[in-house]
Amino acid sequence: MTSISSILQTQCAFFATGCTKDLQFRIESLRRLERWIRAHNEDIFAALKHDLNKSSFETYATETGVVLDEVKFALKHIRSWSKPKRVPSNLKNFPASGRIYPEPYGVALIMSPWNYPFNLTLTPVIAAVAAGNCAIVKPSAYSPATSSLVARLCREVFNSAHVTVVEGGRTENQALLDERYDLIFFTGSPPVGKTVMQAAARHLTPVVLELGGKSPCIVDETANIKLAAKRIAWGKLVNAGQTCVAPDYLLVHELVKQKLIEEMTLAIREMYGEKPLDNPDYPKIINEKHFCRLLGLAQGEKTVLGGGSNQATLQIEPMLLDEVTWDAPVMSEEIFGPLMPILTYHNFEEVIRMIGSRPKPLAAYLFTSNKNTERYFLRNLSFGGGCINDTVMHLSDSRLPFGGVGESGMGSYHGKAGFDAFSHYKSVLKKSTWIDVPLRYPPYTLKGLKLLMKF
């Protein structure tokens, strides 16, 4: 196998030719990617079915379709994104003009997770290519069928000196992080994110970290409970809860808690039937380690819906866990599965303070019809992104940057934000030569100082 050092050297040499900076080269690369995806829908469906038991509908809705939207959005706007932007110059530089030039960083390392292994691998690749970079891509070993498919895609779409895939596990991850890149883009858990950032710090390499955390979902007494129940259940259970922005836990006003539990029970049964484990479209947990971890988190909690599991298929029924406390084990870490703890609150301001005392979440959701409550939520709670009266869907709009804050990540992408994440903005001042104001040059005088202070 070609060594990682050799791959990196090849990509550095290819980037140095300037080929990837050519706008037409970038456009054609993205068009080839779009054509390949459209021609291989069935292969993508099969890979995601193998790795996560995703239905074709869910795969297209959360993986293929999202990637195609990103490609189309990039192709539509790449010309305007890539143009230098002229900015007015100030008086002390007169006569002069200022311009800001977007330029690619160079060779980027993109490390992707297993939960949305097609989407979360190729969406940053699109941004990297659109901005003119080369990329070494490392998919997760936990989703082997999709990892293999992405490697095949990159071989057939891109020159390997432009974009290439390195498959493997921890050994390959460590070998990759031992090298020096111009940018590292990582999607995964906060603990691994710290390791990535530590490795990047050795070379002062800039990083984009898309992490996670416990994303709260608040339902107040004015919410449309029936609609809230449906949207929360969907957001929680898509991909069996293995979504970084899934509502991690519910904070429900005491007046509507029982009604919400009833409506969520109905909504879950309507979506997945009385026996979700018999539903062929119900996804599985990625591996036995996470399967056992999830069951351990639910142990000892009051289960008002679900509780069944199948170790042979690695499936866990949707679970509603009532009367959960802040110090319960299930509240100690990101769940990343189909368990929904339910906490009751009495005072909205107090619950915002409780959330705010914990690490900043990647997402936060509020269901309300009260404008004052909405304003208080947005003004007083820091989080990566979120929704009012919905869950997860803020990720579906390429015009909305997606990223975390604090322990849930740094940097953002999607659409223009993705182009920005993989670009350095170079500022250039161009001075005229037909006049040269002598004020700035020594020898300095009191008269000159007074003139300077007037400016």
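Below, the structure is looked at part by part.

What counts and what doesn't
Residues numbered from 1 in each chain as written. Predicted model: local features only at pLDDT ≥ 70, side-chain atom pairs only at ≥ 80, totals over all residues. Heavy atoms only, no water. Helix = DSSP H or I, 4+ residues; strand = E, 2+ residues; numbered from the N terminus. Buried < 20%, exposed > 50% of the residue type's maximum accessible area, 1.4 Å probe, protein only. Contact = heavy atoms within 4.5 Å. Pairing = 2+ DSSP bridges. Axes fitted to C-alpha atoms, helices over the stretch in contact; angles between N-to-C directions. Parallel < 35°, antiparallel > 145°, perpendicular 65-115°, else oblique. Left-handed = near helix turned anticlockwise from the far one by under 90°. Nonpolar A, V, L, I, M, F, W, Y, C, P; charged D, E, K, R; others polar. Right-handed = clockwise from strand over helix to strand, strands pointing away.

1. A look at the side chain of Asp322
(1) Moving on: Its place among the elements puts Asp322 in strand 13 (residues 319–322).
(2) Moving on: Asp322 gets classed as buried once you look at its relative accessible area, which sits at 5%.
(3) Moving on: Apart from the residues within four sequence positions on either side, Asp322 is in contact with Lys257, Ile261, Lys302, Val304 and Ile342.

2. Description of the sheet that holds strand 3 (residues 107–111)
(1) Moving on: An order of 5-4-3-6-7-18 is seen for the 6 strands of this open sheet, with the pairing classed as mixed. Looking at the sheet topology across the chains shown, the edges are occupied by strand 5 (163–165) and strand 18 (409–410).

3. Details of the packing of helix 9 (residues 225–237) against helix 10 (residues 257–272)
(1) Moving on: At a closest axis distance of 8 Å, the pairing of helix 9 and helix 10 adopts a crossing angle of 55 degrees. Accordingly, the angle class assigned to the pair helix 9 and helix 10 is oblique. As for how helix 9 packs across helix 10, the hand of that crossing is right-handed. Seen from helix 9, the contacting residues are Ile225, Lys226, Ala229, Lys230, Ile232, Ala233, Trp234 and Leu237; seen from helix 10, they are Lys259, Leu260, Glu263, Met264, Ala267, Ile268, Met271 and Tyr272.
(2) Moving on: Along the lines of polarity and charge, the residues of the contact of helix 9 with helix 10 split into 12 nonpolar, no polar and 4 charged.

4. Topic: the pairing of strand 7 (residues 207–210)
(1) Moving on: In strand 7, alternate side chains face the same way, and those of Val207 and Leu209 on one face and Val208 and Glu210 on the other are all buried.
(2) Moving on: Here strand 6 (residues 183–187) runs beside strand 7; their pairing, made up of 4 bridges, is parallel. The residue bridging Phe185 from the neighbouring strand is Val208, located in strand 7.
(3) Moving on: Once you follow strand 6 into helix 8 (residues 190–201) and on to strand 7, the crossover reads as right-handed.
(4) Moving on: Here strand 7 pairs with strand 18 via 2 bridges, running antiparallel. Counted as the bridge partner of Glu210 is Gly409 from strand 18.

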